[in-house]
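Close look at the chain arrangement
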Amino acid sequence: MIRFVLLISRQGKVRLTKWYSPYTQKERLKAIRELSALILPRGPKLCNFVEWKGLKVVYKRYASLYFCICVDSEDNELDGLEVIHHYVQVLDRYFGNVCELDLIFNFHKAYFILDEILIAGELQESSKKSVSRVISAQDTLVENAKEQASSAEQYDRPGHKVKRIKFFSLPLYILLTAYLLQCHDYANFCRSTSSSISELAAQDFQSGTKPRFQVL
């Protein structure tokens, strides 16, 4: 089982962290500090496996980033290397010659890709095509949401002229329904369904009251 995943730059800056085991915030910071001091000074000819607190840490350097995963002591280290390489290949396919800046400015995509590959510390998807297809579908949803949001903002601009519906272009039954719903004598109309609309309007005129729905 994978305990956590770390991406650390050569300068010791943490670019990505994913924890699959319960660690407190203090324990997480301590683990990052200890592993950074343990892995970064190692030479390129040394092996990519180190022991740390009864666990194994598998790491591999790509350009200026160290990809590190912590696994149980009985797990195979080569499987850890394959998981790292698989993750890097998916990143490279998505970003196109991925670099550290891509992960800095699109860190949410890096997390999304990692969640598609690993779930609960276990390998979930080993097909790069399947992961790429899911990511493309997610990008399409985001683009559609942005287009809908931008189109909605156009109607909220101060200089935008909203097309108004002319009153006389409405059907007669809509006008009568609106009058009846807003009229002060609507309750009496419901009780006496036999009275006509003209009689109701005449009663309002004789009593000197105005309906609440007024044509401006």
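Residues numbered from 1 in each chain as written. Predicted model: local features only at pLDDT ≥ 70, side-chain atom pairs only at ≥ 80, totals over all residues. Heavy atoms only, no water.

Side note on the side chain of serine 21
- Position of serine 21 relative to the elements: it lies in the loop between β2 (14–19) and α1 (25–39).
- What makes serine 21 buried here is its relative accessible area of 11%.
- With residues up to four places along the chain from it excluded, the contact list for serine 21 reads Met1 and Arg3. (Helix = DSSP H or I, 4+ residues; strand = E, 2+ residues; numbered from the N terminus. Buried < 20%, exposed > 50% of the residue type's maximum accessible area, 1.4 Å probe, protein only. Contact = heavy atoms within 4.5 Å.)

Some thoughts on a nonpolar patch on the surface
- Side chains of Leu101, Ile104 and Phe105 sit close together on the surface and give an oily, nonpolar patch of about 310 Å² of accessible area.
- Here leucine 101 is to be found in helix α3 (residues 100–105). (Patch = residues over 30% accessible without salt bridge, like charges linked within 9 Å, V, L, I, M, F, W, Y side chains within 5 Å. Areas by Shrake-Rupley, 256 points an atom, 1.4 Å probe, with all protein chains shown as cover. Salt bridge = Lys/Arg side-chain N within 4 Å of Asp/Glu carboxyl O.)

A few points about the layout of surface pockets
- Of the voids in this model, the largest pocket is the one considered here, and its volume is about 200 Å³.
- Taken together, Tyr62, Ala63, Ser64, Leu65, Phe67, Val88, Asp92, Asn97, Val98, Cys99, Glu100 and Leu103 make up the full set of residues lining the largest pocket.
- Secondary-structure elements contributing two or more residues to the lining of the largest pocket are β5 (65–71), α2 (77–95) and α3.
- Along the lines of polarity and charge, the residues of the lining of the largest pocket split into 8 nonpolar, 2 polar and 2 charged. (1 Å grid on protein atoms, 1.4 Å probe; cavity = no way out; pocket = protein on both sides within 12 Å on 5 of 7 lines; lining within 4 Å. Points joined across faces, edges and corners; volume = space filled by probe spheres on them. Nonpolar A, V, L, I, M, F, W, Y, C, P; charged D, E, K, R; others polar.)

Side note on the packing of α2 against helix α4 (residues 107–117)
- Between α2 and α4, the least distance of the axes is 10 Å, while the angle of their chain directions is 135 degrees. Between α2 and α4, the crossing angle belongs to the class labelled oblique. Along this stretch, α2 crosses α4, giving a crossing that reads as right-handed. Contacts from His86, Tyr87, Val90, Leu91, Tyr94 and Phe95 of α2 reach α4 at Lys109, Ala110, Ile113, Leu114 and Ile117. (Axes fitted to C-alpha atoms, helices over the stretch in contact; angles between N-to-C directions. Parallel < 35°, antiparallel > 145°, perpendicular 65-115°, else oblique. Left-handed = near helix turned anticlockwise from the far one by under 90°.)

A look at the nonpolar core
- With 27 residues, the main nonpolar core has Ile2, Val5, Leu7, Phe67, Tyr87, Ile113 and Leu118 as its most contacted residues.
- Elements that contribute at least two residues to this core include exactly β1 (2–9), β4 (55–62), β5, α2, α4 and α5 (128–154).
- The element contributing the most residues to this core is α2, with 8 residues.
- Setting aside residues no more than four positions away along its own chain, isoleucine 113 makes contact with Tyr87, Val90, Leu91, Tyr94, Val131 and Ile135. (Core = buried A, V, L, I, M, F, W, Y, C linked by side-chain atoms within 4.5 Å.)

What to know about the side chain of aspartate 102
- Within the element layout of this structure, aspartate 102 appears in helix α3.
- Among the polar contacts listed, one links the side chain of aspartate 102 to the backbone nitrogen of cysteine 99, at a separation of 3.1 Å.
- In this structure, aspartate 102 is in contact with Phe95, Asn97 and Phe107, ignoring residues within four places of it in sequence. (Polar contact = N/O pair within 3.5 Å; in protein donor to acceptor, adjacent residues only side chain to side chain.)

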